[in-house]
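Architecture at a glance
Below are the chains, spelled out letter by letter.
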Amino acid sequence: MRGIAILLVVFQHCTGSNNTAGGLILSFHMPLFFFISGSCFSFGVGGGKLFIINKLRRLLIPQVTFAVVNYVTFVAIEWVKGTPPSALAFLNFLTAWFLLALFAMFILMYPILSLVKNRVAVALLALAIFVAFCFTDYNDLVVVQQTMAALVFGLLGFLCRPYLDKYAVSESSFKGYGWLSLIVCTIIACFNDTVFMYINEYGNKLLFALTSVLGIYSIVDISVSLRNTNFLQWCGINSIIIYVLHFPMFRVSGVVCREFGSSFPGGAYALSLIAFIVVLLIVSAAVVFCNKYLWWAFGKGRQKPVVR
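Parameters at a glance
- Residues numbered from 1 in each chain as written.
- Predicted model: local features only at pLDDT ≥ 70, side-chain atom pairs only at ≥ 80, totals over all residues.
- Heavy atoms only, no water.
- Phe/Tyr/Trp six-rings, centres within 6.5 Å; stacked < 30°, edge-to-face > 60°.
- Helix = DSSP H or I, 4+ residues; strand = E, 2+ residues; numbered from the N terminus.
- Buried < 20%, exposed > 50% of the residue type's maximum accessible area, 1.4 Å probe, protein only.
- Lys NZ or Arg CZ within 6 Å of the ring centre and 35° of its normal.
- Disulfide = S-S within 2.5 Å.
- Expected span 1.5 Å × (residues − 1).
- Bend = angle between axes of the 7 residues up to and from the residue.
- Axes fitted to C-alpha atoms, helices over the stretch in contact; angles between N-to-C directions.
- Parallel < 35°, antiparallel > 145°, perpendicular 65-115°, else oblique.
- Contact = heavy atoms within 4.5 Å.
- Nonpolar A, V, L, I, M, F, W, Y, C, P; charged D, E, K, R; others polar.
- Core = buried A, V, L, I, M, F, W, Y, C linked by side-chain atoms within 4.5 Å.
- 1 Å grid on protein atoms, 1.4 Å probe; cavity = no way out; pocket = protein on both sides within 12 Å on 5 of 7 lines; lining within 4 Å.
- Points joined across faces, edges and corners; volume = space filled by probe spheres on them.
- Left-handed = near helix turned anticlockwise from the far one by under 90°.

1. Points about the packing of aromatic side chains
Scanning the model with the defined rule gives 26 aromatic pairs in all. Considering the side-chain rings of Phe34 and Phe98, the 5.6 Å spacing of their centres and the 45° angle between planes classify their relative orientation as tilted. Taken as a pair, Phe34 in helix H3 (residues 29-39) and Phe98 in helix H6 (residues 97-115) lie far apart in primary sequence, 64 residues in all. Phe98 matches Phe34 in its accessibility class, with the two residues each being buried. Clustering of aromatic rings is evident, with ring pairs tying together Phe33, Phe34, Phe66, Trp97, Phe98, Tyr243 and Phe247. Here the guanidinium or amino end of Lys55 rests over the ring plane of Phe106, the centre of that ring lying 4.0 Å away. Between Lys175 and the ring centre of Tyr167, over which it is positioned, the NZ or CZ distance is 5.7 Å.

Spelled out as structure tokens, the structure:
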């Protein structure tokens, strides 16, 4: 599921948002990440202090790497354009929302799930947070609104975890409708504004919640038939590295597509599809390199050699 999710992120960034596929992906792909992370939530060992240290390492170190990599790319592009780059841009990259919201979600889930043991109570709390999310707008505070949405879908993922385990191996009557759900999600997304979580634009928040749930179910269902796909498993394991590294590459590819794709109808979109493939190939090679030499920059431990 995480492998599919990160590929959707790369695809949407390469192809843009001014098309049906982009609008569909934006309508649910980030809630999908929070749902997956919530379904994988574990208290671990060592108590709350070790839990926080682990999340600091796994999420905030990649955040710093994200800021450095993207700022260097930003400076290079601005230099080519002949415009002086702003040093404040580094702060913007350092406070980019996703990993911060994911970190905050985990830090909030730990005490919530430590104190609230009843699953019905957890569900009611998630509903209450969603209601607060619908009736508030904290655009002036860094990632507060996104963290509220993250917590809702993270708790939903936690609640659904037992059913996800059974869904993969059972003959559930809900199975097999993932593609149909995706079509319904596409139709509903057309009635909402394009969702941009990074700037707190959700359109109608009830429609956003509906497309998120439909999209999550779709990927859950589709992933069952693809669960033994080695490449998707590899992408899921390395999703944070892919997330960090693909940004500078799709920004460069976006410049190329705008420059050369406007000369013929549909050219920009066709080039963006090619860019997606090229970016994916380059990022895949970069992930192999980073896992071998720069694992520390992405919050990972040193990989041990496999003994066969």
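Still to come is the rest of the account.
2. Quick word on the state of the cysteines
Summed over the entire model, instances satisfying the criterion amount to 0 disulfides. For the unlinked cysteine Cys160, the closest cysteine sulfur is that of Cys40, found at 13 Å. Relative accessible area serves as the criterion here: at 22%, Cys160 is assigned to the partly exposed category.

3. Some remarks on helix H4 (residues 47-81)
Helix length check: H4, at 35 residues, gives a terminal C-alpha distance of 51 Å against a target of 51 Å (1.5 Å per residue), a fit within 8%. The largest bend along H4 reaches roughly 30° and is located at Arg57. For H4, the set of buried residues is Phe51, Lys55, Leu59, Pro62, Gln63, Thr65, Phe66, Ala67, Asn70, Thr73, Ile77 and Glu78. Remark: Gly82 follows H4 within two positions and exhibits a positive phi of approximately 85°.

4. Let's talk about the packing of helix H7 (residues 119-134) against helix H10 (residues 205-226)
It is at 10 Å that the axes of H7 and H10 come closest, and there the two elements cross at 135°. By the angle between their directions, the pair H7 and H10 is classed as oblique. Of the residues in H10, those in contact with Phe130, Phe133 and Cys134 of H7 are Lys205, Leu206, Phe208 and Ala209. Partitioned by chemical class, the residues of the contact of H7 with H10 number 6 nonpolar, no polar and 1 charged.

5. Things to note about the nonpolar core
Formed by 86 residues in total, the largest nonpolar core has its most connected members in Phe34, Phe98, Leu155 and Met197. Considering each element in turn, this core owes the most residues, 12 residues, to H6. Sequence-distant contacts of Leu155, that is, excluding residues within four places in its chain, are made with Met109, Ile112, Leu113, Val122, Ala126 and Ile129.

6. Quick word on the layout of surface pockets
The space that makes up the second largest pocket amounts to roughly 1,200 Å³. Arg2, Ile36, Ser39, Cys40 and Gly236 are the residues nearest the centre of the second largest pocket, which is lined by 46 residues in total. When contributions to the lining of the second largest pocket are tallied by element, the ones reaching two or more residues are helix H1 (2-15), H3, H4, H6, helix H8 (144-167), H10, helix H11 (230-237) and helix H12 (239-260). In terms of residue count, the dominant contributor to the lining of the second largest pocket is H4 (6 residues). Taken together, the residues of the lining of the second largest pocket break down into 27 nonpolar, 12 polar and 7 charged.

7. Things to note about the side chain of His29
Its place among the elements puts His29 in helix H3. Beyond its immediate stretch of four places on either side in the chain, His29 contacts Val9 and Gln12.

8. What about the packing of helix H9 (residues 178-190) against H10?
Viewed as axis vectors pointing N to C, H9 and H10 meet at an angle of 160°, and their least axial separation amounts to 8 Å. Regarding the angle of H9 to H10, the classification is roughly antiparallel. Seen along the crossing, H9 lies across H10 with a hand that is left-handed. Contacts from Gly178, Trp179, Ser181, Leu182, Val184, Cys185, Ile188 and Ala189 in H9 reach Leu207, Leu210, Thr211, Leu214, Gly215, Tyr217, Ser218, Asp221 and Ile222 in H10. For the contact of H9 with H10, the per-class residue count stands at 11 nonpolar, 5 polar and 1 charged.

Everything listed here is a matter of coordinates, which is why it stays silent on function.
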